[in-house]
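Each chain, written out:
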Amino acid sequence: MNGEPAGPDRTKYVLFDVDGTLIDAVSNQRRVWAAWAERYGKDADEVYHVALRTRPLETFAQVAADEDPSECLAALHELEDEDVRSGVYAAFDGASELLRGLPSGSWALVTSNYEHRVRGRFLRTGLPMPSVIVDAAAVEEGKPSPVPYLQAAARLGAAPEDCLVIEDAPSGVQSGLRSGMTVWGVNAAVAVEGVHRHFVSLREAVPHILAFASGRAGNAVATVSKAKATAKPSMVNTPRGQKM
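Calculation rules
- Residues numbered from 1 in each chain as written.
- Predicted model: local features only at pLDDT ≥ 70, side-chain atom pairs only at ≥ 80, totals over all residues.
- Heavy atoms only, no water.
- Core = buried A, V, L, I, M, F, W, Y, C linked by side-chain atoms within 4.5 Å.
- Buried < 20%, exposed > 50% of the residue type's maximum accessible area, 1.4 Å probe, protein only.
- Helix = DSSP H or I, 4+ residues; strand = E, 2+ residues; numbered from the N terminus.
- Contact = heavy atoms within 4.5 Å.
- Pairing = 2+ DSSP bridges.
- Axes fitted to C-alpha atoms, helices over the stretch in contact; angles between N-to-C directions.
- Salt bridge = Lys/Arg side-chain N within 4 Å of Asp/Glu carboxyl O.
- 1 Å grid on protein atoms, 1.4 Å probe; cavity = no way out; pocket = protein on both sides within 12 Å on 5 of 7 lines; lining within 4 Å.
- Points joined across faces, edges and corners; volume = space filled by probe spheres on them.
- Nonpolar A, V, L, I, M, F, W, Y, C, P; charged D, E, K, R; others polar.
- Polar contact = N/O pair within 3.5 Å; in protein donor to acceptor, adjacent residues only side chain to side chain.

Lay out the nonpolar core with the relevant residues and their values.
Counting 29 residues, the largest nonpolar core has V14, F16, L109, F122 and I209 as its most contacted members. In terms of residue count, helix α9 (residues 202-214) provides more of this core than any other element does, 6 residues in total. Ignoring sequence-local partners within four residues, the contact set of F16 consists of L22, L98, L99, L102, W107, A108, L109, V110, Y149, I166 and I209. Counting residues in hydrophobic clusters, the runner-up holds 19 residues, among them L15, Y149, V192 and V195.

Give me the sheet that holds strand β6 (residues 163-167): which residues, what numbers.
Pairing within the open sheet is parallel, and its 6 strands lie in the order β5-β4-β1-β6-β7-β8. Sheet topology places β5 (132-134) and β8 (197-198) at the edges, where each strand pairs with a single neighbour. One ladder, built from 2 bridges, connects strand β7 (residues 182-185) with β8; its direction is parallel. Pairing of W184 across the sheet is with R197, part of β8. Packed on one face of the sheet, helix α7 (residues 147-156) meets β1 (13-16), β4 (107-110), β5 and β6 and runs near 160° to β5.

Describe the pattern of salt bridges, and please don't skip the residues or the numbers.
This structure, assessed with the given rule, holds 16 salt bridges. Put simply, R10 and E161 hold a salt bridge, and the shortest N to O gap is 3.6 Å. Note that R10 is positioned in the segment before β1 and E161 in the loop between α7 and β6, a separation of 151 residues in sequence. Residue R10 is classed as partly exposed on the basis of its relative accessible area, which comes to 40%. Between E115 and R119 there is a salt bridge whose closest N-O contact spans 2.8 Å. Of the two residues, E115 and R119 are both situated in helix α6 (residues 115-125); the distance of 4 residues between them amounts to about one turn of the helix. One salt-bridge network, in which partners are shared between bridges, spans R10, E161 and D162.

Now, about the layout of surface pockets: what can you tell me, with residues and values included?
The volume enclosed by the largest pocket comes to roughly 1,300 Å³. What lines the largest pocket is a set of 44 residues, and nearest its centre among them are A51, T54, R55, P56 and S112. Looking at the lining of the largest pocket, the elements that each hand over two or more residues are α1 (26-40), α2 (44-51), α3 (56-63), α4 (69-86), α6 and α8 (170-178). Of the residues belonging to the lining of the largest pocket, the class tally is 19 nonpolar, 11 polar and 14 charged.

Give a description of the side chain of T54 that names residues and reports values.
Relative to the helices and strands, T54 is located in the loop between α2 and α3. Here V50 takes part through its backbone oxygen, which lies 3.0 Å from a polar atom of the side chain of T54. A polar contact of 2.6 Å, which involves the side chain of T54, links it to the side chain of T59. Those residues in contact with T54 that sit more than four places away from it in its chain are T59 and Q62.

Okay, structure coming up:
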């Protein structure tokens, strides 16, 4: 796996994480966890710090070990559903242009959340929905397991090497890498370890993602590879810092 698109004549697919990648939900997540912490008499900052690194049941085990985890989860789901109905959401700059520019059937959502919440957020932000959504209920193993992204690829009829994963979080990046896919990181000042390419914002990544999906990126790679194979060494000049 070298992080470059597969052959130019093969259909390309793009698999997106949702929260933090397409939709800015940081303030919503913090508000939900603060409300949950208040309900259980816990420190909101401590709870949120743990929740950023772990899945809900693991969070409860660390911050509320004396509570019934099923009741904790039910309370969290109640708060999240209410936030979908009443919270303020915004799509990241470039998200609408990007999703509307991708060919139908060539992209999917892979989220650790639940489909009904994703649909609610997309409806409120005006983003289009794909035909394939892999959510928390669709898999027994969540990120960083490769299972979510592999399931999305299978449902699209795509080979892993033809897929590009767009992520913002370490667990999602690891999930994409373990599935054998190309992984690009967005919406972070510092690149997540392991990504093949890094973009500070989704907006910066938009033209590159569209190029990958259209096959233009693959054509460029194929052309360069052919030129390197046929040219004399002295005639091939690679600019400093350029990846071939």
